[in-house]
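Coordinate inspection notes
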Amino acid sequence: MAANRLIKLLAPLLRQWRIDVEQLEASESYIMTLEGITLQWEESPFDHLTLSCLLPMRESDFASAATLNTLLQCNLLGLAHPPVITATLPEQRQVLLWTRQPFAELEPHQLTTLFERFTAQAERMRDFLQLSPQV
């Protein structure tokens, strides 16, 4: 039942990409790759959409105060709602970006805006991590 709700919520956005939602199997989460970034959409917790992605980070960047400070500052980007949160996962050598919004607050245009803002930030983060100097 919840999986069908997720498809219904994502349907307007998926149709923009010409994805036939009728062909999707019911699932609690969906994964897609866009511009080399793997995005995960899931209903978590109940009645909330969580959008996330993991980006690789060099081990040396975890020792770079400048890199870590920049990553922390990303949590303040625009102070838009809902925020796109940046976290590091040192043991996995990755950066986690995620955002969450209640289904009730996601009309199709709001979902599109959230998706565009999230992917733009993920692309900028990916590019920053690829360019950041090694220690």
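Up top is the structure these notes are about.
This section reports on the structure supplied with the text.

Parameters at a glance
Residues numbered from 1 in each chain as written. Predicted model: local features only at pLDDT ≥ 70, side-chain atom pairs only at ≥ 80, totals over all residues. Heavy atoms only, no water. Salt bridge = Lys/Arg side-chain N within 4 Å of Asp/Glu carboxyl O. Buried < 20%, exposed > 50% of the residue type's maximum accessible area, 1.4 Å probe, protein only. Pairing = 2+ DSSP bridges. Helix = DSSP H or I, 4+ residues; strand = E, 2+ residues; numbered from the N terminus. Axes fitted to C-alpha atoms, helices over the stretch in contact; angles between N-to-C directions. Contact = heavy atoms within 4.5 Å. Parallel < 35°, antiparallel > 145°, perpendicular 65-115°, else oblique. Core = buried A, V, L, I, M, F, W, Y, C linked by side-chain atoms within 4.5 Å.

1. Details of the pattern of salt bridges
The final tally for this structure, using the stated rule, is 5 salt bridges. Here Asp-61 and Arg-58 are joined by a salt bridge, their closest N and O atoms 3.6 Å apart. Asp-61 sits in the buried class, given a relative accessible area of 0%. Between Asp-127 and Arg-126 there is a salt bridge whose closest N-O contact spans 3.2 Å. Given the relative accessible area of 34%, Asp-127 is considered partly exposed.

2. Overview of the sheet that holds strand β5 (residues 94–102)
Spatially, β1-β2-β3-β5-β4 is the arrangement adopted by the 5 strands of the open sheet, whose pairing is antiparallel. Looking at strand neighbours, the two that pair on one side only are β1 (29–34) and β4 (85–89), the edges of this open sheet. Averaged over all pairs of adjacent strands, the angle between strand axes in this sheet comes to 25 degrees, irrespective of strand direction. Bridge analysis of strand β3 (residues 48–56) against β5 gives 9 bridges, and the strand direction is antiparallel. Pairing of Pro-56 across the sheet is with Gln-94, part of β5. Where helix α3 (residues 108–131) meets the sheet, its contacts fall on β1, β2 (37–43), β3, β4 and β5, and the angle it forms with β3 comes to roughly 15 degrees.

3. A word on the packing of helix α2 (residues 65–73) against α3
It is the contact of α2 with α3, at a shortest axis distance of 12 Å, that shows an interaxial angle of 175 degrees. In terms of their interaxial angle, α2 and α3 are classed as roughly antiparallel. Where α2 approaches α3, its residues Thr-67, Thr-70 and Leu-71 are matched on the opposing element by Met-125, Phe-128 and Leu-129.

4. Quick look at the nonpolar core
Grouped together as the largest cluster of nonpolar side chains are 33 residues, with contacts concentrated most on Leu-10, Leu-39, Trp-41, Leu-49, Cys-53, Leu-97 and Met-125. Mapped onto this core, the elements with two or more residues apiece are α1 (2–16), β1, β2, β3, β5 and α3. The residues contacting Leu-10, other than those within four sequence positions of it, are Tyr-30, Trp-41, Leu-49 and Leu-111.

5. Details of unusual backbone geometry
The residue after Ser-44, namely Pro-45, is reached through a cis peptide bond having omega -10 degrees. Among the secondary structure elements, Pro-45 is positioned in the loop between β2 and β3. A positive phi angle is found at Arg-18, which is not glycine, with a value near 60 degrees. Residue Arg-18 is classed as exposed on the basis of its relative accessible area of 79%. In the Ramachandran plot, Arg-93 falls in the positive-phi region, its phi being about 55 degrees despite a non-glycine side chain. Summarising the element assignment, Arg-93 is placed in the loop between β4 and β5. Under the relative-accessibility criterion, Arg-93 is labelled partly exposed at 41%.

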